[in-house]
Amino acid sequence: MTPRRQPHRPDSADLLSMLGRLSAQAREGARFQHARVELAEALQREMLPSSLPVLPGLRTAARYAPAQHGLEIGGDWYDGFRVAEDALAFSIGDVQGHDVAAAAFMGQVRVCLRAVGAVVADPGEVLGRANDVLLSLDSELFATCSLLRYDPCTGDLASARAGHVPTVWATAAGRYGLAEDEGGPPLGTVPGARYSVTRRRLTEPGSIVLLTDGVVEGPAFPIEVGLERVLRIVREAAGGDPDELAAEVIKVADSTGHADDAAVLVLSHGPAGA
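Calculation criteria
Residues numbered from 1 in each chain as written. Predicted model: local features only at pLDDT ≥ 70, side-chain atom pairs only at ≥ 80, totals over all residues. Heavy atoms only, no water. Salt bridge = Lys/Arg side-chain N within 4 Å of Asp/Glu carboxyl O. Helix = DSSP H or I, 4+ residues; strand = E, 2+ residues; numbered from the N terminus. Buried < 20%, exposed > 50% of the residue type's maximum accessible area, 1.4 Å probe, protein only. Phe/Tyr/Trp six-rings, centres within 6.5 Å; stacked < 30°, edge-to-face > 60°. Lys NZ or Arg CZ within 6 Å of the ring centre and 35° of its normal.

### Some remarks on the pattern of salt bridges
Consideration 1: The final tally for this structure, using the stated rule, is nine salt bridges.
Consideration 2: As a salt-bridge pair, R175 and E204 come within 2.9 Å of each other at their nearest N and O atoms. Of this pair, R175 sits in the loop between β6 (167-171) and β7 (176-179) while E204 sits in the loop between β8 (198-201) and β9 (206-211); the two residues are 29 residues apart in sequence, bridging distant segments of the chain.
Consideration 3: R175 sits in the partly exposed class, given a relative accessible area of 43%.
Consideration 4: E204 gets classed as partly exposed once you look at its relative accessible area, which sits at 22%.
Consideration 5: The network of salt bridges with common partners includes D79, R110 and R114.

Here's what the structure looks like:
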């Protein structure tokens with residue numbers, strides 16, 4: 001009977017050599033992934049506005065924070081720009097995905113909203129046309145967003161939502177709530193989608209806070225709890241300094257343990273010259 005050959009047992013030198021090869025592969029993979037993250041973050045920050053528009057009676061501020069955990073970065077954005085008839089438009093949104101492609105798609109969405117918003121006044125129509133343009137790009141990505149248009153002459157605020165997180169608002173007189181307008185589906189998902197518009201007139205000092213889900217949702221607690229925390233912060237600071245309010249709201253993201261980007265855009269409205 002032929003004796004069975006014993007399997008080869010690697011000696012310590014073999015084990016060290018194997019460990020060295022695996023470590024080198026892991027380091028190379030980590031360097032590659034880290035480079036992708038740095039590129040995505042650079043793209044994202046370069047595509048965000050360096051400043052936001054203001055008008056007498058309207059002050060603005062924003063904050064952005066990358067994900068706390070992991071090596072990925074998403075496509076969150078905020079924006080503000082002047083449109084026809086001396087009005088202002090503001091948008092905030094979140095692209096599905098966490099890589100360079102998401103950051104690049106975010107830039108396309110932001111530019112598309114600016115281009116359409118420059119010639120179309122109605123926020124719902126702007127989202128509808130932008131949706132059609134994004135679908136024509138044949139991208140597998142999509143984006144949620146909110147779009148507001150403010151008319152300083154009348155104080156009218158028109159808003160539309162594409163599957164995005166509700167806007168939080170409060171007045172200095174003590175009124176507050178979540179602007180859960182009906183809206184429509186995320187951009188880039190449904191051909192011919194229509195987006196309803198909510199209209200209100202800003203008649204008293206207060207604050208409007210737009211945000212992405214990375215601010216209010218994470219492993220630590222669900223989105224409903226996060227929105228309640230933000231609402232409490234906004235109620236206490238309604239109509240005050242928008243920069244201070246934005247800084248406080250973005251801190252909620254730290255407590256969620258968020259695995260996503262987070263963006264906050266604050267509009268504080270009040271008497272002209274405030």
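### Regarding the packing of aromatic side chains
Consideration 1: For the structure on display, the rule yields zero aromatic pairs.
Consideration 2: Against the face of W169 rests R200, its NZ or CZ located 4.7 Å from the ring centre.
Consideration 3: Directly above the ring of Y176 sits R235, whose terminal nitrogen or CZ lies 4.0 Å from the centroid.

### So, the environment of G163
Consideration 1: With respect to the helices and strands, G163 occurs in the loop between β5 (156-162) and β6.
Consideration 2: For the pair formed by G163 and P185, sequence separation is 22 residues and the distance between their alpha carbons is 5.0 Å.

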